[in-house]
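# Observations on the three-dimensional arrangement
Chain by chain, the residues:
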Amino acid sequence: MSAARIGVIGAGAWGTALAQALASDGSEVLLWARETDLVAAINAEHRNALYLPSAVLAPTVRATNDLADLAALPALLVVVPAQFLASVIAGLPEGDRDLVLCAKGIEAGTGRLMNDVAAQACAPERLAVLSGPTFAHEVADGLPTAVTLACAGGREQWERLSPLIARPMLRPYYSDDVTGAEIGGAVKNVLAIACGVVEGLNLGQNARAALIARGYAEMLRFGLARGARAETLSGLCGLGDLVLTCSSTSSRNFSLGLALGQGLTAAEALSGKNSVAEGAATAPVLADLARRDGIQMPIVDAVARLLSGEAPASAVVSDLLARPLRAEQEPAV
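Residues numbered from 1 in each chain as written. Predicted model: local features only at pLDDT ≥ 70, side-chain atom pairs only at ≥ 80, totals over all residues. Heavy atoms only, no water.

### Thoughts on the overall build of the protein chain
For the record, the criterion: Counting from the N terminus, the helices are DSSP H or I runs at least four residues long and the strands are E runs at least two residues long. Here the term buried applies to any residue with accessible area under 20% of the maximum for its type, exposed to any over 50%, and partly exposed to those in between, with areas from a 1.4 Å probe on protein chains only. Throughout, a contact is declared for two residues whenever any of their heavy atoms are within 4.5 Å. All accessible areas in this document rest on Shrake-Rupley with a 1.4 Å probe, and a residue is counted as covered only by the protein chains that are shown. Only four residue types enter the tally: Lys and Arg on the positive side, Asp and Glu on the negative side, with His and both chain ends excluded. Every charge is mapped onto a representative atom, which is NZ of Lys, CZ of Arg, CG of Asp or CD of Glu.
Scanning the protein chain from N- to C-terminus turns up 15 helices and eight strands. The dimensions of the protein chain, computed from C-alpha atoms along their principal axes, are 60 × 40 × 35 Å. A total of 333 residues make up the protein chain; the buried ones form 53% of that total. Taking the contacts inside the protein chain whose residues are at least 6 apart along the sequence as the reference set, 69% of them involve residues at least 24 apart. In the form shown here, the protein chain has an accessible surface area of approximately 14,000 Å², with 54% of it arising from carbon and sulfur atoms. Between the centroid of the 25 positive side chains of the protein chain and the centroid of its 33 negative side chains there is a distance of 3 Å.

Rendered as structure tokens:
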């Protein structure tokens, strides 16, 4: 553990996959998990049967349930679900380190992006966001993956972090648009639920393609209103991630939407799951923020209505299709 230069906080599927990728060149990686039994299993058996059972972990991935063990590491990837970020980082020991935020969501109740939540634990110039089209099992299997690494500290921070994160099969691209990287990741989760609904209702590939395009327009409107750059949202952490998660049951959010489209309630679809579909918590807060700021996001609003049980999937889709006709590129504010 003492030789590790980077740590991963959160041993869910994505955190475990990142730890495995970082260890692919023989580097020692320290992985924090809350569950004592999971820590013991990772260290003894080199497996995370609870969250990523398909992967045999490198022997240089070591687990701990004590955040103090990570105190001296120069960089930490924080991969806990968005709604638990504040409570977990509150337990971090003080230290001069970079925090790389990997959760994709918006905090319920406050509407804060993850970098705002993490500001209590880190100087602003030491925060970064890692986001992009990434299925955990593919990353763990060593398949090629490209991500956005958005550095609030600019090029200086990038020069520190990119050598710690880049691997032959994990390629980061530089950005300094932290807001754009966060918004792309948060909004695409909600849109993936909508695409799952389309699949569950057997509405066809045309409908899914149209939803991806119109959903991206909503992402762009919201992002630009919040100060994100259009080129960020058209890149890996926006459009790239959107296309991936809107097209496969490997996406937890797509799978949730599929179940909703097939007639399950949100409670039924989410029950008994080990993993978290971040879009379920993000949708209502994102819809509220859009309404408050006068930003039209009808697809996001439809997902929020569906998750709340306000209307069945078929009725929500009918309402979307009945909206007044308008120009495709007309500003909607």
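Having put the structure on the table, let's press on.
### A short note on the environment of Pro284
With respect to the helices, strands and loops of the structure, Pro284 is situated in helix 13 (residues 278–293). With 18 residues separating them in the primary sequence, Pro284 and Ala302 have C-alpha atoms 9.8 Å apart.

### What about the packing of aromatic side chains?
Condition: Any Phe, Tyr or Trp ring, taking Trp's six-membered ring, that has another such ring centre within 6.5 Å forms a pair; planes under 30 degrees apart are called stacked, those over 60 apart edge-to-face, and the others tilted.
In the structure shown here, the tally under the stated rule is one aromatic pair. Between Trp158 and Tyr174, the ring centres sit 5.5 Å apart and the planes meet at 65°, which makes this aromatic pair edge-to-face. Of the two residues, Trp158 is situated in helix 6 (residues 154–165) and Tyr174 in strand 8 (residues 170–175); the sequence distance between them amounts to 16 residues.

### Here's the deal with the layout of surface pockets
For clarity, the threshold we go by: Grid points spaced at 1 Å over the protein atoms alone were grouped into cavities, where a 1.4 Å probe fits but cannot get out, and pockets, open sets with protein on both sides within 12 Å along at least five of seven lines, with lining residues defined by an atom within 4 Å of a point. Grid points are joined across faces, edges and corners, and a volume is the space filled by probe spheres set on the points. Put simply, Ala, Val, Leu, Ile, Met, Phe, Trp, Tyr, Cys and Pro go in the nonpolar bin, Asp, Glu, Lys and Arg in the charged bin, and everything else, Gly too, in the polar bin.
Reported here for the largest pocket is a volume of approximately 980 Å³. Considering the residues around the largest pocket, the lining is formed by 40 residues, among which Gly12, Ala13, Trp14, Arg252 and Val276 are closest to the centre. For the lining of the largest pocket, the secondary structure elements donating two or more residues are helix 1 (13–22), helix 5 (136–140), helix 7 (178–200), helix 10 (236–245) and helix 11 (252–261). Partitioned by chemical class, the residues of the lining of the largest pocket number 20 nonpolar, 13 polar and seven charged. Where the lining of the second largest pocket is concerned, the elements lending two or more residues are helix 7, helix 8 (205–225), helix 14 (298–308) and helix 15 (313–321). Here the lining of the second largest pocket gets six residues from one element, more than from any other, and that element is helix 8.

### Structural notes on the packing of helix 8 against helix 10
The condition that has to hold: Orientation is described by lines fitted to C-alpha atoms, with helices fitted over the stretch in contact, and by angles between N-to-C directions that extend from 0 to 180 degrees. Our angle categories are set so that under 35 degrees counts as roughly parallel, over 145 as roughly antiparallel, 65 to 115 as roughly perpendicular, and the remainder as oblique. Crossings are sorted by hand: turned counterclockwise from the far helix by less than a right angle, the near helix makes the crossing left-handed, and turned clockwise it makes it right-handed.
The geometry of helix 8 relative to helix 10 is characterised by a closest axis approach of 11 Å and an angle of 150° between their N-to-C directions. With respect to each other, helix 8 and helix 10 are oriented roughly antiparallel. Crossing of helix 8 against helix 10: the hand is right-handed. Where helix 8 abuts helix 10, its residues Ile212, Tyr216 and Met219 lie against Gly238, Leu239 and Leu242.

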